[in-house]
Amino acid sequence: MSDFTHFDAAGKAHMVDVGDKEETERVATARGSVYAAPETIALIRDGGVKKGDVLSVARLAGIMGAKRTPDLIPLCHPLALTSVKVALTIDEARDAVDIEATCKLKGRTGVEMEALTAVSVAALTVYDMAKAVDKAMRIGDIRLVAKSGGKSGDYRSE
């Protein structure tokens with residue numbers, strides 16, 4: 001268990017003590033997609049979903065999700081995020097709504113979970129708003145694509 005920071009020597013889950021870590025600027029970007037029928041993508045694009053503007057509501061939901069990450073994920077530290085950006089775009093060639101979230105702060109722990117949560121909550125919101133017309137939508141490809149700052153340094157998946 002020594003490679004997993006959220007377990008103590010006895011193998012019990014615990015919150016990592018970040019008090020002695022240096023404060024640095026930390027940024028993380030995550031991406032994911034919601035795949036839907038072409039007709040559903042057209043409804044979302046054209047603002048034809050009865051619940052409202054799917055992309056705007058999902059963007060706000062993603063921002064709110066990032067801010068609530070420690071309430072959802074056990075052992076995550078509450079963080080003073082300085083920026084959360086969530087972008088949703090339609091890719092009609094793939095019948096997808098693509099989601100990208102970037103979270104930033106100056107602190108002692110990273111913001112990867114906040115970025116991943118933002119994408120996940122935005123994707124769930126797209127599903128919720130359009131499920132009346134397309135219950136077969138799929139959420140997928142949620143992943144960390146970049147992070148910077150902190151002891152472990154930079155990471156890029158692409």
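Residues numbered from 1 in each chain as written. Predicted model: local features only at pLDDT ≥ 70, side-chain atom pairs only at ≥ 80, totals over all residues. Heavy atoms only, no water.

Enquirer: Can you break down the packing of helix 2 (residues 54–67) against helix 4 (residues 112–130) residue by residue, with the values?
Expert: Relative to each other, helix 2 and helix 4 sit at 145 degrees, their axes nearing to 7 Å. In the crossing of helix 2 with helix 4, the sense of the turn from one axis to the other is right-handed. Where helix 2 abuts helix 4, its residues V54, V57, A58, A61, G62, G65 and A66 lie against E114, T117, A118, V121, A122, T125, V126 and M129. A per-class count over the contact of helix 2 with helix 4 returns ten nonpolar, four polar and one charged. (Axes fitted to C-alpha atoms, helices over the stretch in contact; angles between N-to-C directions. Helix = DSSP H or I, 4+ residues; strand = E, 2+ residues; numbered from the N terminus. Left-handed = near helix turned anticlockwise from the far one by under 90°. Contact = heavy atoms within 4.5 Å. Nonpolar A, V, L, I, M, F, W, Y, C, P; charged D, E, K, R; others polar.)

Enquirer: Break down a nonpolar patch on the surface for me, citing the residues and quoting the values.
Expert: Together, L124, I139 and I142 give the surface a local cluster of nonpolar side chains, amounting to about 240 Å² of exposed area. Considering the arrangement of structural elements, one finds I142 in strand 4 (residues 138–148). The exposure class of I142 is partly exposed, given its relative accessible area of 33%. (Patch = residues over 30% accessible without salt bridge, like charges linked within 9 Å, V, L, I, M, F, W, Y side chains within 5 Å. Areas by Shrake-Rupley, 256 points an atom, 1.4 Å probe, with all protein chains shown as cover. Salt bridge = Lys/Arg side-chain N within 4 Å of Asp/Glu carboxyl O. Buried < 20%, exposed > 50% of the residue type's maximum accessible area, 1.4 Å probe, protein only.)

Enquirer: Got a sec to walk through the nonpolar core? Specific residues and values, please.
Expert: By size, the foremost hydrophobic cluster in this structure holds 29 residues, and its most contacted members are V34, I44, V86, L88, V97, I99 and V126. At the level of elements, strand 1 (24–35), helix 1 (38–46), helix 2, strand 2 (83–91), strand 3 (96–107) and helix 4 are the ones that each hand at least two residues to this core. At eight residues, the largest contribution of residues to this core is made by helix 4. Look past the residues within four positions of I99 in its chain and what remains in contact with it is A30, R31, G32, V34, V86, A87, L88, V119, A122 and A123. (Core = buried A, V, L, I, M, F, W, Y, C linked by side-chain atoms within 4.5 Å.)

Enquirer: I'd love a proper account of the sheet that holds strand 3, names of residues and values included.
Expert: The strand order across the open sheet formed by five strands is 2-3-1-4-5, and the pairing between neighbours is antiparallel. Both outer strands of the open sheet, strand 2 and strand 5 (155–156), are each paired with one neighbouring strand and no more. As judged from the nine bridges shared by strand 2 and strand 3, these two strands associate in the antiparallel manner. Residue pairing for strand 3: K85 is matched across the bridge by T102. (Pairing = 2+ DSSP bridges.)

Enquirer: Which residues make up the pairing of strand 3, and what values go with them?
Expert: Bridge count for strand 1 against strand 3 is twelve bridges, and the pairing is antiparallel. Considered in strand 3, the bridge of Y35 is made with A96. Two successive antiparallel strands, strand 2 and strand 3, enclose a turn made up of four residues, where D95 displays a positive phi of approximately 50 degrees.

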